[in-house]
Amino acid sequence: MVAGAFYSAEVPGPGADWRLLVTDRFLGAFGPATTVSTMSNLWRIAADETLGLDALVAAIPARGVSVVDSYAIAALGRTTTFVVRGGGCADVSVGGRVRRVDARGSEPWYVAELTGVERFALGPLQRSPGDLSQQPGDLPIDGGVVFGPWLGWSAETAAAPPRSQPTPVQQPPAPPLASLDPHDTNVLGDLGRRAASLRRHRGEPPPTAPTPETEIAAAFRLGDRAPERVDAPVYVGRQPRSPRITGGILPRLVRVDSPSREVSATHIELRPTHQGLVLTDLESTNGTVVRQPGTGVRRLESGESLAVVPGTLIDIGDGNVIEILAYR
Amino acid sequence: MTEIGTSSGPRRIALPEGAGAVVLSWGVATDVGHRRQMNEDSYIAVPPIFAVADGMGGHAAGDLASDAVVNRLQTAAKDGFVTPAAIGLALAQASHDIAHLDGTALTGAGTTVTGVALTVSGDDPYFAVFNVGDSRVYRWFEGEFEQVTVDHSVVQELVDAGAITRSQAETHPDSNVITRAVGFNEPPMPDYWMLPVEPGVRMLACSDGLTKEVGEERIQALVSAGSPAEATAQALVREALEAGGRDNVTVVVVDVVELEPARS
């Protein structure tokens, strides 16, 4: 989902001193006064999939010696949320028209939530919006923190067409998707290694990402719907609801049809972890049947949890089968 | 107090990106009570946000605090649709506003806030319930009445730890001490719940001026009596006043009248 982010390295000298942060959920441009320790902290929060936009914004010093007086952040999702402060702004293209989101003196920041965002640029107010599209010479960012004059994003390059056609899941599982992105999502966890995730757009070919020995389960596909990456707890059921959420990151609720009511109201949970996905049967009435590659079919006890690998099929009843996929 | 929005009969609210529409009706009622000089509760009842805030602090600071929260929520909802992340940001903005209120540096000011926001996950509408403090959201559906939110209060922590029972909690001397708030120079930490929007669901948001005066069984009886939302809100406030009215009391009732499915 990330790729789509880019910045210009063609502007020499001063001006290229904004700190640009890119993860698969958040893009941010922070003013030149932002300290390394603030950026390091923001990177840690942005990379933690249990923390939401409000946690990220709360971690930006709003006063004091390390105050960050200018920034612009975008949170990607069904809608795109922009948070801007001071001399930071977002130029956003929606429906072919560019509008500027700036703070206009609003304290401690200004928030705008937009749908149908095609492109945007985050950076200083002095920047001229232009047409926001990626120009020759702009460099892509898969993830990390870099210096630059501004940060661009385009839905065209971020679009995530599945690489294989959806297959009926009653069939033997299709090979796991290599990636839901046209680019590798290659996020490293350490500020000092940021440069390693940058790659030249032209000239040299992009390095091939090393294939991990075991692919990590990180996405699912329900029936013939489009694959979905799991970046928050997922609750699947006939009429699903979430338990109490204290960390600020909201779950994905997936409703399935169950004419004979075999599927419980909230039947299973899929929870993302650094090691992959954990499936939990939420004390469903009719249970959950799991087919793991190589280990045959088993039935989860009511309330039982199981780490699932790519290729796993989860049957919750009434023909609703969820396939677990890799996402690199 | 700050009142944003009024009671309304059935109104159709289109959901974004072809996710269909929801028809809601809602009612609000509030009263200063018999003991307090002023009403420091505030509310917002404007789709997609319905919330109650119970301000705390001397010299009208509580009034300004609850005002800040409902105003920031209104700003967050200006486009007619809101994500839970936007609610969290609005509460953080309100916290900043409260910290910069004139004259509150010594006394401190803060507020509870709880409510429901209409949101969408996939193509389906949900109520995102949010809570900071000890105001409450209840849900009534198909004969079942449940308290959705969990109080951020010392007494609730004692109940969770098994130190006291739920009925002892009602009369506990520390029943007014809350453990989280918006304001008091702390970043707000809301809890969230996502609940399906179904025809026949009735949501109730209220300040503790209701729940500390009126027992849960009586609240359930009034909520399930079949009266329209506005009459129900008024009946609940009247009940709290008759039971003593020691605190400000504010009630918002939201009914899901109809659900129009997504275009497919």
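Here is what the cut-offs are and how they apply
Residues numbered from 1 in each chain as written. Chains lettered and ligands numbered in written order. Predicted model: local features only at pLDDT ≥ 70, side-chain atom pairs only at ≥ 80, totals over all residues. Heavy atoms only, no water. Helix = DSSP H or I, 4+ residues; strand = E, 2+ residues; numbered from the N terminus. Buried < 20%, exposed > 50% of the residue type's maximum accessible area, 1.4 Å probe, protein only. Contact = heavy atoms within 4.5 Å. Pairing = 2+ DSSP bridges. 1 Å grid on protein atoms, 1.4 Å probe; cavity = no way out; pocket = protein on both sides within 12 Å on 5 of 7 lines; lining within 4 Å. Points joined across faces, edges and corners; volume = space filled by probe spheres on them. Buried area = accessible area lost by both parts, 1.4 Å probe. Salt bridge = Lys/Arg side-chain N within 4 Å of Asp/Glu carboxyl O. Polar contact = N/O pair within 3.5 Å; in protein donor to acceptor, adjacent residues only side chain to side chain. Domains from an automatic or database assignment. Nonpolar A, V, L, I, M, F, W, Y, C, P; charged D, E, K, R; others polar. Core = buried A, V, L, I, M, F, W, Y, C linked by side-chain atoms within 4.5 Å. Arc of directions from axis to C-beta.

Undergrad: Just checking my understanding: could you explain the overall build of chain A for this structure?
TA: Helix and strand counts for chain A come out as 3 helices and 23 strands. For chain A, the proportion of its 328 residues judged to be buried stands at 52%. Of the contacts made within chain A by residues no fewer than 6 positions apart, 61% connect residues no fewer than 24 positions apart.

Undergrad: What should I look at first to understand the sheet that holds strand 13 (residues 217-222) of chain A in this one?
TA: In a beta sheet, neighbouring strands are held together by backbone hydrogen bonds and run either parallel or antiparallel to one another. Residue and element names in this part refer to chain A. With antiparallel pairing, 6 strands are arranged side by side in an open sheet as 14-13-23-22-19-20. The open sheet is flanked by strand 14 (228-229) and strand 20 (296-300), the only strands paired with a single partner. Looking at chain direction, strand 19 (residues 288-292) and strand 22 (residues 313-317) are connected through 3 bridges and run antiparallel. When the bridges of strand 22 are listed, Val290 appears paired with Ile314.

Undergrad: I tried to follow empty space enclosed by the protein on my own but got confused; where do I start?
TA: The probe, sized like a water molecule, is rolled over the atoms to show the empty space still left. Residues and elements named next belong to chain A. Tallying each qualifying case throughout the model produces 1 cavity of 30 Å³ or more. A volume near 40 Å³ is recorded for the largest cavity. Lining the largest cavity, in full, are Val57, Ile60, Pro61, Ala62, Val68, Tyr71, Arg85, Pro108 and Trp109.

Undergrad: Please explain the interface of chain B and chain A as it appears in this structure.
TA: Accessible area lost on assembly of the parts is the figure often given for the size of an interface. Taken together, the 36 residues of chain B in the interface contact 30 residues of chain A. Summing both partners gives a buried area of about 2,900 Å² for chain B against chain A, and 51% of it is carried by carbon and sulfur. Area buried by chain B at its contact with chain A is led by Leu89, Tyr192 and Met194 of chain B, which between them contribute 20% of it. Our count for the chain B to chain A interface comes out at 3 salt bridges. Where Asp124 of chain B meets Arg255 of chain A, a salt bridge forms, and the shortest distance between an N and an O atom there is 2.9 Å. Between the two partners, chain B and chain A, sit 11 residue pairs in polar contact (both at pLDDT 80 or more). Elements supplying a minimum of two residues to the side of chain B that touches chain A: helix 2 (84-99), strand 7 (113-121), strand 8 (124-132) and strand 12 (191-196) of chain B. A total of 9 residues in the side of chain B that touches chain A trace back to one element, the largest contributor, which is helix 2 of chain B.

Undergrad: Sorry, what's going on with the side chain of Ser284 of chain A here?
TA: Residue and element names in this part refer to chain A. Relative to the helices and strands, Ser284 is located in the loop between strand 18 (276-281) and strand 19. Take Ser284: its relative accessible area is 7%, and that puts it in the buried class. A distance of 2.6 Å separates the side chain of Ser284 from the side chain of Asp281, its partner in a polar contact. Beyond its immediate stretch of four places on either side in the chain, Ser284 contacts Ser264, His267 and Ser302.

Undergrad: In this structure, what is going on with the domain arrangement of chain A? I would like to understand it.
TA: Residues and elements named next belong to chain A. Looking at the assigned domains, one finds that chain A contains domain 1 (5-154) and domain 2 (211-325). If you average the C-alpha positions of domain 1 and of domain 2, the two centres end up 34 Å apart. Between domain 1 and domain 2 the total buried area reaches about 560 Å² when both faces are included, carbon and sulfur atoms providing 42% of it. Our enumeration of links across domain 1 and domain 2 arrives at 2 residue pairs in polar contact (both at pLDDT 80 or more). Residue composition of the side of domain 1 that touches domain 2, grouped by class: 1 nonpolar, 2 polar and 4 charged.

Undergrad: Before we go on, may I ask you to explain the nonpolar core in this structure?
TA: Where a protein is soluble and globular, its nonpolar side chains tend to be buried together. Residue and element names in this part refer to chain B. Ile49, Val69, Leu73, Ile87, Val113 and Phe130 are the most contacted members of the largest nonpolar core, which totals 34 residues. Of all the secondary-structure elements, those providing two or more residues to this core are strand 5 (49-56), helix 1 (61-76), helix 2, strand 7, strand 8 and strand 12. In contact with Ile49, not counting residues within four places along its chain, are Ile44, Leu73, Ala77, Val82, Val116, Ala117 and Phe130. Among the nonpolar cores identified, the runner-up in size contains 30 residues, and Leu15, Leu24, Val28 and Ala205 belong to it.

Undergrad: Help me out: how do you make sense of the pattern of salt bridges in this one?
TA: Where side chains of opposite charge bring their charged atoms close, a pairing between them can arise. Scanning the model with the defined rule gives 26 salt bridges over all chains in all. Put simply, Arg100 of chain A and Asp91 of chain A hold a salt bridge, and the shortest N to O gap is 2.7 Å. The partner of Arg244 of chain A in a salt bridge is Asp191 of chain B, with the nearest N and O atoms 2.8 Å apart. Taken together, the residues span two chains, with Arg244 of chain A in the loop between strand 15 (234-237) and strand 16 (252-255) and Asp191 of chain B in strand 12. Of the residues examined, Arg244 of chain A reaches a relative accessible area of 34% and is grouped as partly exposed. The class for Asp191 of chain B is buried, based on a relative accessible area of 0%.

Undergrad: So what exactly am I meant to see when it comes to helix 6 (residues 216-223) of chain B here?
TA: It helps to recall that an α-helix has 3.6 residues per turn; residues three or four apart then point in one direction. Residue and element names in this part refer to chain B. Restricting attention to buried positions, one finds in helix 6 the residues Ile219, Leu222 and Val223. The buried residues of helix 6 all sit within an arc of 100 degrees when viewed along its axis, so they share a single face. Structurally, helix 6 contributes buried residues whose contacts are with strand 9 (136-141), strand 10 (144-147), strand 13 (202-206), helix 5 (208-211) and helix 7 (229-242).

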